[in-house]
Structure formats: structure tokens, C-alpha cells
Amino acid sequence: MNDLIIHNIGKLYNPDPGKFGKIGITEKCSVIIKNGLIDEIIPAEVEINAVRLEHFDVQDAKGMSVLPGFVDSHAHPIFAALRNNEFEMRNAGMSYLDIAKAGGGIKNSVKKLRAMTEDELFKISSSRIKEFMRSGTTTLEAKSGYGLTLDDEIKMLKVIRRLNDKFDIDFIPTFLGAHDVPEEFKDDREGYISLLINEMIPKVAADKLAVACDIFIEKNYYTIVEGRRILQAAKDHGLGVKIHADQMTCTGAGELAAELGALSADHLEYISDEAIDKMIKQNVVFNLMPGSSFFLGMRDFPPARKIIEKGGICALSTDFNPGTCYCYSLPFIMTVSAIYLKMTAAEILWASTLGGAKALGLEKEIGSIEKGKKADLLVMKVNELSEIPYSMGMNLVRKVIKNGKVVN
Ligand code: NIG
Ligand code: FE
């Protein structure tokens with residue numbers, strides 16, 4: 001691979017690892033990339049002599065801004081079919097939990113995914129990925145959780161592995177076998193939980209099909225006591241842990257995330273003040289997904305201002321899935337975050353880059369523009385940072401560079 005220089009950069013926006021929400025700005029500079037990694041940021045006045053330039057591929061940013069690639073740290077991009085009918089049912093007045101009780105929701109997605117072969121699932125999932133990249137996502141978490149049998153969960157995780165090989169985006173696989181209790185175990189929860197603990201988690205960890213384990217702790221899904229057992233088993237097998245927590249009711253899952261030293265607790269619409277304090281103490285990332293509150297038409301959003309003022313580290317992610325947020329665009333989520341979470345543009349960029357990286361345990365490799373980190377960069381037609389959340393539903397990404405290669 002040739003080394004790359006991006007020159008003629010108007011402004012380089014870079015999250016400061018030392019402080020949540022702080023963004024450094026370097027005007028008029030170039031970035032040098034070697035072996036797919038960031039090597040140096042040099043001021044434009046420093047003459048880059050022709051001899052040196054010969055050894056580089058040159059990309060002209062044309063005075064636009066350069067930012068780190070977006071890190072989408074919570075997504076469910078592997079599914080068989082859309083659920084737009086449920087969207088309509090909700091808009092006609094039914095709630096997410098009511099639709100789920102009537103056989104829709106996760107159970108609907110499980111039924112359809114089980115009926116697909118791995119190849120079919122790979123094909124349909126592939127068709128979704130380019131849009132993420134075009135919107136600036138360079139790292140994408142991908143969860144299982146619509147299979148809920150050992151074979152179907154492995155089918156999903158294998159699809160994620162194949163997508164990782166096929167596309168330039170890096171996929172970070174998460175096992176979500178505890179997304180729901182499958183229909184066939186509805187009178188034997190303990191049977192499914194012991195399958196998770198004794199067979200599924202050990203197999204997924206041994207075959208390195210996932211790096212973390214997630215669970216949906218919620219009324220009608222999993223309890224705190226069950227969550228503690230399942231996630232402890234995951235930790236014992238060397239997996240990172242994370243939780244869909246306090247999304248629709250306050251369950252205490254934020255506290256459990258702190259107790260277990262989770263990477264992140266995600267959603268958090270109904271998190272308590274005590275849980276916020278405990279998560280901050282244990283350095284658990286607050287992974288916020290206001291796109292799903294928005295898409296579900298919820299009145300309540302996660303208390304981002306309170307979390308930030310207490311000193312919490314936030315990530316922002318899409319939660320892309322067919323039920324609660326059919327949106328692959330982190331920039332759109334940024335608009336929702338500004339309006340409903342009252343986050344500033346600088347906090348939003350930090351949360352969507354370095355915050356996402358922290359939520360995945362990858363802050364040493366991605367999320368900011370520092371020597372030795374992966375050269376995952378965006379050229380965006382932006383002058384002031386607030387133009388990103390302000391530009392609702394617009395795509396200002398003009399170039400995507402992944403591992404030092406121009407991919408879009
Ligand atoms: O993050 N809350 C649980 N899981 C997903 C929704 C899954 C679905 O409805 O298919 C979420 O919102
Ligand atoms: Fe989710």
C-alpha cells in the first residue's frame with residue numbers, strides 16, 4: 001500500500017482523549033498516513049517537498065474539514081426483513097411492548113431469520129452496509145440476537161464475519177443470545193438460560209465469533225438476576241459485557257453494568273441518579289441512542305445533560321434495527337441528539353467517535369486522529385462543527401478513508 005497524504009485541509013477536528021466533549025481544531029494542515037496508520041499532522045506552511053511527495057498518494061481536501069471516522073457502537077444490522085407494519089401500528093397508537101406481546105417485535109424477526117440460509121442472510125445484510133459507509137461510519141458494532149438457537153445465533157455471527165471480510169468497514173461482533181426468551185422456551189426460561197450459559201456462550205467464545213455479550217434487561221424480557229448470571233458467564237469466558245438497560249422502564253440495569261464493569265450500558269431513557277453515579281465511578285460508557293426513542297415516538301429521552309454534568313462519558317450510536325430504529329445514519333442521530341438530548345456539537349462529535357471507540361474498548365486504536373491509530377478519516381463539507389447536527393438528513397461526507405485507503 002502506498003502511503004497517503006491528505007493536504008489542503010481547512011480544519012481538522014479532533015476529539016481530546018483527556019476530556020469528554022473537548023474538540024481540538026487545527027487549521028490549514030495536512031495528515032500523513034503510513035501503513036494505514038496516522039503518522040503525522042503537519043501545518044500547511046511546512047513545505048512538503050516534491051521528492052517526499054513522490055512516495056505518497058495525494059488526496060486534496062479542497063479546504064474542507066477532516067474528522068475521525070464515525071464509530072457506531074450499537075447496531076443490529078443482520079436481519080431478514082423490515083418491520084414497517086409495526087411502525088404503522090405504533091403510529092396508530094400501539095406501544096412497542098404491546099406489539100411484541102401480540103407476536104411482533106423481536107419474535108417476528110426471529111421467525112423470519114430462522115427461515116433463511118446463511119447465504120441468503122449474508123446477501124440481504126450485505127445490501128445494507130454501503131449506506132453506513134457513505135454516511136461516514138468506519139467501524140460498526142453488529143449484534144446477533146434474532147436467532148436464539150445455537151445454530152441460528154452462529155449463523156448470524158458467521159454472517160458478521162463474512163461482512164467483515166467483504167467490506168472495508170470494521171465489524172465488531174457481539175453475542176446477543178439473551179435478546180428475548182424464544183417461543184419454544186416460554187414455559188422453561190431456566191432451560192434457555194442454562195443453554196445460554198452452558199452451551200452458547202462457551203461455543204461463541206471458543207470460536208471467537210464475538211468479542212462481547214449483550215442482554216436485553218427489560219420488563220417482559222430478562223431480569224436483573226438472570227442478567228447477572230448470564231453476563232458473569234460471558235465474563236468468565238473472556239467476553240466483554242454490555243446491557244440494553246433502562247430503555248422502557250427503570251430496571252436497575254445501569255447499576256448491574258457498574259457492578260460487572262461493563263464496557264457500556266445502552267439506551268438509558270429511565271436510568272436512576274444512583275445508577276448514573278455508579279456507572280461514572282466504574283468508567284462504564286453511557287451509550288445513548290436517541291434515534292430509537294425518536295422512532296418509537298417516546299416522550300422520554302436519556303438524560304444526557306445530567307450524565308455529562310456529573311462527568312459521564314457518552315457514546316452515540318444508531319441502534320440500527322428493523323424494529324426500534326431503522327436508520328443507518330449517525331449524522332441523523334446527531335441531529336436528534338442536539339434537539340432532544342441538548343448536546344453541543346462538540347459533545348456530539350466526541351461521543352460519535354472516541355465515545356463509540358471507548359464503548360467498544362477500542363480507544364487505543366480508533367476514534368481520534370493520533371499517531372499510531374488507524375487512519376479512519378472523513379473529509380466533510382463542513383466549516384463550523386455545528387453544521388453537522390444542523391444539516392438534518394443531509395450527507396456532508398465527501399470522502400471516506402478507512403485504514404489509510406480511500407473507500408468512498
Ligand atoms: O435496541 N431493545 C432491544 N433491542 C433492540 C430492538 C430490537 C427489535 O425490536 O428488533 C433495541 O431497541
Ligand atoms: Fe439495540
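Sequence positions are assigned chain by chain, starting from 1 and proceeding in written order. Going through the entries in the order they are written, you letter the chains from A and number the ligands from 1. Totals for whole chains, interfaces and linings use every residue, but because this is a predicted model, local features are given only for residues with pLDDT of at least 70 and side-chain atom pairs only at 80 or more, for both listing and counting. No hydrogens and no water enter the side-chain calculation; it runs on all heavy atoms of the structure.

## A word on the coordination of the iron ion (ligand 2)
Rules: Only nitrogen, oxygen and sulfur atoms qualify as donors, provided they sit within 2.8 Å of the metal or within 3.2 Å for Na, K and Ca; with water excluded from the atoms, sites may seem incomplete. Counting from the N terminus, the helices are DSSP H or I runs at least four residues long and the strands are E runs at least two residues long. Classification of residues uses two cut-offs on accessible area relative to the type maximum, computed with a 1.4 Å probe and protein chains only: under 20% is buried, over 50% is exposed, and between them is partly exposed.
Protein ligation of the iron ion (ligand 2) involves His-74 (NE2), His-76 (NE2), His-244 (NE2) and Asp-319 (OD), the donor distances falling in the range 2.1 to 2.3 Å. Expressed as a motif, the donor residue spacing for the iron ion (ligand 2) is H-x1-H-x167-H-x74-D. One end of the pair, His-244, is in strand S10 (residues 240-245); the other, Asp-319, is in the loop between strand S13 (314-316) and helix H13 (330-340), and 75 residues separate them in sequence. The exposure classification of His-244 matches that of Asp-319, with both residues buried.

## As for the side chain of Lys-399
For clarity, the cut-off: Two residue types count as positive, namely Lys and Arg, and two as negative, namely Asp and Glu; His and chain ends fall outside the count. We define a salt bridge as a contact between a side-chain nitrogen of Lys or Arg and a carboxyl oxygen of Asp or Glu at a distance within 4 Å. N or O atoms within 3.5 Å of each other form a polar contact, as long as, within protein, one can give a hydrogen and the other can take it, and as long as residues adjacent in sequence are counted only when both atoms are side-chain atoms. The contact rule is simple, with two residues in contact once any of their heavy atoms fall within 4.5 Å.
Among the secondary structure elements, Lys-399 is positioned in strand S15 (residues 397-402). Buried and without a salt bridge, Lys-399 has Asp-60 as its closest oppositely charged side chain, separated by 7.1 Å. Within the structure, Lys-399 has its side chain in polar contact with the side chain of Gln-59 (distance 2.6 Å). Once you skip the residues sitting within four places of it in the chain, Lys-399 turns out to touch Gln-59, Asp-60, Leu-377, Leu-378, Val-379, Val-406 and Asn-408.

## Quick notes on the pattern of salt bridges
The tally for this structure, following the rule as stated, stands at 28 salt bridges. Notably, a salt bridge pairs Arg-114 with Glu-184, separated by 2.9 Å at the nearest N-O pair. Of this pair, Arg-114 sits in helix H4 (residues 105-114) while Glu-184 is found in the loop between strand S8 (170-178) and helix H7 (189-206), placing the two residues 70 residues apart along the sequence. The residue Lys-405 makes a salt bridge to Asp-168 at a minimum N-O spacing of 3.1 Å. Placement of Lys-405 in strand S16 (residues 405-406) and of Asp-168 in the loop between helix H6 (150-166) and S8 is noted, with a sequence separation of 237 residues between them. Taking the relative accessible area as the measure of exposure, Lys-405 reaches 42% and is therefore partly exposed.

## Description of the side chain of Ser-272
With respect to the helices, strands and loops of the structure, Ser-272 is situated in the loop between strand S11 (264-267) and helix H10 (273-281). For Ser-272, the side chain forms a polar contact with the main-chain nitrogen of Ala-275, separated by 3.1 Å. Residues in contact with Ser-272, not counting those within four places in the same chain, are Cys-250 and Glu-255.

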